[in-house]
Amino acid sequence: MRAFPVRGNQCGASFVEFAVSIALIGIFVGVLLERTSYYQEYAEKTAMESTAENIRTGLRYKVADLILANRASEIPSLADENPMNWLGERPPNYLGELDSAPADEVKGQWYFDKRNQELVYTVNNRRHFSPSTYRDFSVRYRAMRVSAGAVTDSSPKIGETWVSLVLVAEYGWFQ
C-alpha cells in the first residue's frame, strides 16, 4: 500500500508550467536589474550634486575667514583658485589639477582643468544624462566673480566683488 496516491502518469510539472516559471523569473530579474541601474545612476547624481554643494559651503567658509581677518579685498582672488582647495578633505574620486582633459576616458571622476579654470565631473552612468553639448558627458563648474548687488539685494557691501561657484552649461538628468 502506498502512502501517497498517484494520479495517472503525472510525476512533476509540465513543460508549459516550467516555461511560464522561467519567463516570470526572467521578467522579475529584468525589472530588478533596471531598478538597480536607475538607483546607481541616481546615487551618482546625488553624490555629484552633494560634492558641488560642499564646495559652495567651503567657499562660504573661506569668504567668512577672509572677512573676519579683515582681508575682504582678497575675496575676488578666490575665483582664480581650484575650488577643491576650499574643501577640508578632497573626495576620493578627485584626479587632481590637469592641464587639459585626461587622455584616457575617465568616468565618475572630478578634476580641475587648469587651462579653462573649470572644475569638471565626468559622468559614469550615462543612461538618463542629457549633456549640454553633443557627447560631452561632463558637468562643469567655474568660480566666477560677481558684483555684490548680484548676490542678493540685502547682502552687506563689505567688498565690491564676491565669488560664486556656477554651473558652466546646463545639463539634464532623469527628465
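Rules behind the numbers
- Residues numbered from 1 in each chain as written.
- Predicted model: local features only at pLDDT ≥ 70, side-chain atom pairs only at ≥ 80, totals over all residues.
- Heavy atoms only, no water.
- Helix = DSSP H or I, 4+ residues; strand = E, 2+ residues; numbered from the N terminus.
- Buried < 20%, exposed > 50% of the residue type's maximum accessible area, 1.4 Å probe, protein only.
- Contact = heavy atoms within 4.5 Å.
- Areas by Shrake-Rupley, 256 points an atom, 1.4 Å probe, with all protein chains shown as cover.
- Pairing = 2+ DSSP bridges.
- Axes fitted to C-alpha atoms, helices over the stretch in contact; angles between N-to-C directions.
- pLDDT = per-residue confidence, 0-100.
- Patch = residues over 30% accessible without salt bridge, like charges linked within 9 Å, V, L, I, M, F, W, Y side chains within 5 Å.
- Salt bridge = Lys/Arg side-chain N within 4 Å of Asp/Glu carboxyl O.
- Expected span 1.5 Å × (residues − 1).

Draft legend 1. Fine view of the overall build of the protein chain. If you tally the helices and strands in the protein chain, you get two helices and seven strands. The N-to-C order of helical and strand elements in the protein chain reads α-β-β-β-β-β-α-β-β. Across the 175 residues that make up the protein chain, the buried fraction comes to 29%. Considering only contacts in the protein chain between residues 6 or more positions apart, those separated by 24 or more positions represent 49%. As displayed, the protein chain offers around 11800 Å² of accessible surface, 54% of which is attributable to carbon and sulfur atoms.

Draft legend 2. Local environment of the sheet that holds strand β1 (residues 94–98). Strand order in the open sheet formed by five strands is β1-β2-β3-β5-β6, and the pairing between neighbours is mixed. Edge positions in the sheet fall to β1 and β6 (161–167), since each of these pairs with one other strand and no more. This sheet shows a mean twist of 20 degrees between the axes of neighbouring strands, independent of strand direction. Across seven bridges, the pairing between strand β5 (residues 138–147) and β6 is antiparallel. Directly across from Tyr-141, in β6, lies its bridge partner Leu-167. Contacts between helix α1 (residues 15–68) and the sheet are confined to β2 (109–113), β3 (118–122), β5 and β6, with β6 contributing the most and set at about 175 degrees to the helix.

Draft legend 3. Region of interest: the confidence of the model for the protein chain. Across the protein chain, pLDDT averages 86, with 86% of residues at or above 70. Across the protein chain, element-level confidence peaks in β2 with a mean pLDDT of 95 and bottoms out in helix α2 (residues 148–151) with 56.

Draft legend 4. Broad picture of a nonpolar patch on the surface. Side chains of Phe-15, Val-16, Phe-18, Val-20, Ile-22, Leu-24, Ile-25, Ile-27, Phe-28, Val-29, Val-31 and Leu-33 sit close together on the surface and give an oily, nonpolar patch of about 1200 Å² of accessible area. Mapped onto the secondary structure, Val-31 falls in helix α1.

Draft legend 5. Quick look at α1. When the terminal C-alpha atoms of α1 are compared, their 79 Å separation across 54 residues agrees well with the 80 Å that a helix rising 1.5 Å per residue should span. Tucked inside the fold, the buried residues of α1 contact β2, β3, β4 (129–130), β5, β6 and β7 (172–173). Two residues or fewer after α1 comes Asn-70, characterised by a positive phi angle close to 55 degrees.

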